[in-house]
Amino acid sequence: LAKTTQPISMDSYEGQEVNITCSHNNIATNDYITWYQQFPSQGPRFIIQGYKTKVTNEVASLFIPADRKSSTLSLPRVSLSDTAVYYCLVDSGSARQLTFGSGTQLTVLP
Amino acid sequence: EAGVAQSPRYKIIEKRQSVAFWCNPISGHATLYWYQQILGQGPKLLIQFQNNGVVDDSQLPKDRFSAERLKGVDSTLKIQPAKLEDSAVYLCASRAGSQETQYFGPGTRLLVL
């Protein structure tokens, strides 16, 4: 079972780039990495997903090194509205692998 | 497209009472999950359905929790009888395929007094 470890909290200022790293030492060959964002009183919302190297979409980038034992979510130029909890999830599509960690509380300051 | 719908959004009950939650996944999504999220923690998977069959319920406390998805669409999660430690947000999620994105509903916040 791939367990994930993330920093509990991070602070940043508006306009800065934020990088949140997640470690997943027991990741299996079939697993891929997904990041979610969660605001209070809402369900998690998909941000980005990747298997290896780098993935970029309109809101974030995901960097995965060759050994895939960690991944880094990069949020460019954060704003106050990016204040939320961010979860990384190692997901093989199997229910037994769907384990969320405790997440990282990102606070963006003015 | 419409998202995952859940009801009710909030529920307050006394311990030992029963409660049921309803989920309507995104149309066409064969896989449905129920999660429990305790305050300050990440979501914990309770059960996974593939169409109307249970794929995994190893983390479902079966002495008090039950879930069904009779027609392979909507699903209900029931707790009977509720305990104080069941106070949490119950999230439903669905996905089209095993490597597709999970989409979460807004959750049902349960408070057991």
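Refer to the structure printed above.
Residues numbered from 1 in each chain as written. Chains lettered and ligands numbered in written order. Predicted model: local features only at pLDDT ≥ 70, side-chain atom pairs only at ≥ 80, totals over all residues. Heavy atoms only, no water.

Q: Describe in detail the packing of aromatic side chains, supporting the description with residues and values.
A: This model, assessed by the stated rule, comprises 10 aromatic pairs over all chains. When the centroid spacing of 6.4 Å and the interplanar angle of 80° are considered together, the rings of Tyr-36 of chain A and Phe-46 of chain A count as edge-to-face. Taken together, the positions of Tyr-36 of chain A in strand 3 (residues 32–38) and Phe-46 of chain A in strand 4 (residues 45–50) put the pair 10 residues apart, joining distant regions of the chain. Residue Tyr-36 of chain A is classed as buried on the basis of its relative accessible area of 1%. Following the ring pairs from residue to residue traces out a cluster consisting of Tyr-36, Phe-46, Tyr-87 and Phe-100 of chain A together with Tyr-33, Tyr-35 and Phe-104 of chain B. Positioned above the aromatic ring of Tyr-51 of chain A is the side chain of Arg-68 of chain A, whose terminal nitrogen or guanidinium carbon lies 4.0 Å from the ring centre. (Phe/Tyr/Trp six-rings, centres within 6.5 Å; stacked < 30°, edge-to-face > 60°. Helix = DSSP H or I, 4+ residues; strand = E, 2+ residues; numbered from the N terminus. Buried < 20%, exposed > 50% of the residue type's maximum accessible area, 1.4 Å probe, protein only. Lys NZ or Arg CZ within 6 Å of the ring centre and 35° of its normal.)

Q: Help me get a handle on the interface of chain A and chain B, residues and values and all.
A: Interfaces are frequently sized by the accessible area removed from exposure as the parts join. Contacts between the two partners involve 21 residues from chain A and, on the opposite side, 22 residues from chain B. Across the contact surface, chain A and chain B share one salt bridge. Linking Asp-91 of chain A and Arg-95 of chain B is a salt bridge whose minimum nitrogen-to-oxygen distance equals 2.7 Å. Counting only elements with at least two residues in the side of chain A that touches chain B, the list comes to strand 3, strand 4 and strand 8 (84–91) of chain A. (Contact = heavy atoms within 4.5 Å. Salt bridge = Lys/Arg side-chain N within 4 Å of Asp/Glu carboxyl O.)

Q: Break down the sheet that holds strand 3 (residues 19–24) of chain B for me, with residues and values.
A: Residue and element names in this part refer to chain B. Spatially, 1-3-8-7 is the arrangement adopted by the four strands of the open sheet, whose pairing is antiparallel. Edge positions in the sheet fall to strand 1 (5–7) and strand 7 (65–68), since each of these pairs with one other strand and no more. Strand-to-strand twist of the sheet, defined as the mean angle between neighbouring strand axes without regard to direction, takes the value 15°. Here strand 1 runs beside strand 3; their pairing, made up of three bridges, is antiparallel. Across the sheet, Ala-5 pairs through a bridge with Asn-24, a residue of strand 3. (Pairing = 2+ DSSP bridges. Axes fitted to C-alpha atoms, helices over the stretch in contact; angles between N-to-C directions.)

Q: Can you lay out the nonpolar core for me, pointing to particular residues and giving the numbers?
A: One finds Phe-21, Trp-34, Leu-77, Ile-79, Tyr-90 and Leu-110 of chain B to be the most contacted residues of the largest nonpolar core, which totals 21 residues. At the level of elements, strand 3, strand 4 (31–37), strand 5 (44–50), strand 8 (75–79), strand 9 (88–95) and strand 11 (108–112) of chain B are the ones that each hand at least two residues to this core. If sequence neighbours within four positions are ignored, Leu-77 of chain B has contacts with Val-19, Ala-20, Phe-21, Trp-34, Leu-46, Leu-60, Phe-65, Ser-66, Ala-67 and Tyr-90 of chain B. The next biggest cluster of nonpolar side chains, apart from the first, holds 20 residues, and it includes Ile-33, Trp-35, Leu-62 and Tyr-86 of chain A. (Core = buried A, V, L, I, M, F, W, Y, C linked by side-chain atoms within 4.5 Å.)

Nothing here speaks to function; it is geometry throughout.
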